[in-house]
Amino acid sequence: MLQSFFILCSGADKNLIEGCSEGEKTKYVGIGTTVFFTAVMAFIASSYALFTVFDNPFMAMGFGIVWGLLIFNLDRFIVSTIRKRDRFSSEFFQATPRIILAIIIAIVISKPLEIKIFEKEINTVLLKEKNAMTLKNKKEIASYFKSDLDNIKAETDKLKAEITNKEKEVNSLYETYIAEAEGTKGTMKLGKGPVFKEKIAKHNLAFAELDTIKKRNLAKIVVNEKNAKTLQTDLDKKVIETQPIIDGFDGLMARINALNKLPWLPSFFIMLLFLAIETSPIIAKLLSPKGEYDYKLEDLETALKTTLTQNNYQRNLLIQTSAAMHDKVYDDIAKDKKLYDLQRSRASELLELQANGFLEKQKKTL
């Protein structure tokens, strides 16, 4: 049962190989086994690759089954269409397109499995890339809000500086009128004279202006701080909204790019392994000597080709003979006097009718 299944996988003719030796059967069982397990590996590889895309195991397995069957059919077709020739160069030339197709299939199958084998290393590379993307994203978003925040901060600093400068002016006027009262500066007279009253009046005016500036500027500062907090909240919200996109940066293409950043040698040898598996049935057929099955298949194809050639020759000969006979028959008929007179009489009647019809048309026209 198992032997019959693997022979079926090899693409060999069941009726022809039944009469072959056990060694010949074993050869095609080995070829069929390779074809079958290549399809199984294709199913596993494609299922994992599609799982990284859809995040749905059932959908991934469904597509994986279709892909595995496709690879199985291609491999079976490739192996079954290679024919043993008398010269190796003819066989190799015949197998070259199939070998190229097998190489493409091997690369396609091996890549998802490489991603799974090096999953931990790939996750490390992706983590570094995600961290770099997160920092870059924060900088870009911050730069987007930076101009508004800088304008608010500059205005706030200007308002605070205006208050500070006025406070310095008030403090300076306070020190001036105190020094005048003490007689240490100004007129150098102790007591509250006219100059003292003038200086204290300037201080009081400046103090009133300071109070007005404080009320006005502090109100604006409160509004600015509120706007700055709103902008900072929007900035943080934007960062939070865009972070899931960065966290989801682990699809198939991202993993392939991450795999390419790892050392190439291990990945290369895995690809070579699958290449050897995929091309082994073709190489086995090319290197193996012409076996019993090949001779039987060649005999069957040669017999069929001979029969078709003979049938075509007989058909062509039949056509030529029939044509010659018809030519001779019509030549004999043309020499018959009775048939000639009858044909002449009918032709005369036809010409007379045509002449009468033409005359009637000419009369109607006139």
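Residues numbered from 1 in each chain as written. Predicted model: local features only at pLDDT ≥ 70, side-chain atom pairs only at ≥ 80, totals over all residues. Heavy atoms only, no water.

Peer 1: For this particular structure, what's the right way to read the overall build of the chain?
Peer 2: A tally of helices and strands in the chain yields 11 helices and zero strands. When the elements of the chain are put in sequence order from the N terminus, they spell out α-α-α-α-α-α-α-α-α-α-α. Compactness check: the chain gives a C-alpha radius of gyration of 50 Å against a globular reference of 21 Å for 366 residues, more than 25% above the reference. Overall, the C-alpha framework of the chain stretches about 170 × 100 × 35 Å when taken along its three principal axes. Within the chain, the fraction of its 366 residues that count as buried is 28%. Looking at the chain alone, contacts between residues at least 24 apart form 76% of all its contacts between residues at least 6 apart. Distance between charge centroids for the chain: 4 Å, based on 53 positive and 46 negative side chains. (Helix = DSSP H or I, 4+ residues; strand = E, 2+ residues; numbered from the N terminus. Rg over C-alpha atoms; globule rule 2.2 N^0.38 Å. Buried < 20%, exposed > 50% of the residue type's maximum accessible area, 1.4 Å probe, protein only. Contact = heavy atoms within 4.5 Å. Lys, Arg positive; Asp, Glu negative; His and termini not counted. Charge placed at Lys NZ, Arg CZ, Asp CG, Glu CD.)

Peer 1: What is the right way to look at the nonpolar core in this model?
Peer 2: As a rule of thumb, soluble globular proteins bury nonpolar side chains together. Membership of the largest hydrophobic core comes to 18 residues, with the highest contact counts inside it found for I109, F118, I122, L259 and L262. By residue number, the principal contributor to this core is helix 5 (residues 88-117), which donates four residues. I122 has contacts with I115, R255, A258, L259 and L262, leaving out every residue within four places of it along the chain. One finds I17, C20, I31 and V79 within the second-largest nonpolar core, a separate group that totals 13 residues. (Core = buried A, V, L, I, M, F, W, Y, C linked by side-chain atoms within 4.5 Å.)

Peer 1: I'm lost on empty space enclosed by the protein in this one. Help?
Peer 2: Rolling a probe over the atoms, with the probe sized like a water molecule, indicates the empty space that remains. Within the structure shown, the criterion is met by two cavities of 30 Å³ or more. The calculated volume of the largest cavity comes to roughly 40 Å³. Around the largest cavity, the lining residues are T34, V35, T38, D75, I78, V79, E278, P281 and I282. For the lining of the largest cavity, the secondary-structure elements that each account for two or more residues are helix 3 (22-54), helix 4 (57-80) and helix 9 (264-287). A class-by-class count of the residues in the lining of the largest cavity yields five nonpolar, two polar and two charged. (1 Å grid on protein atoms, 1.4 Å probe; cavity = no way out; pocket = protein on both sides within 12 Å on 5 of 7 lines; lining within 4 Å. Points joined across faces, edges and corners; volume = space filled by probe spheres on them. Nonpolar A, V, L, I, M, F, W, Y, C, P; charged D, E, K, R; others polar.)

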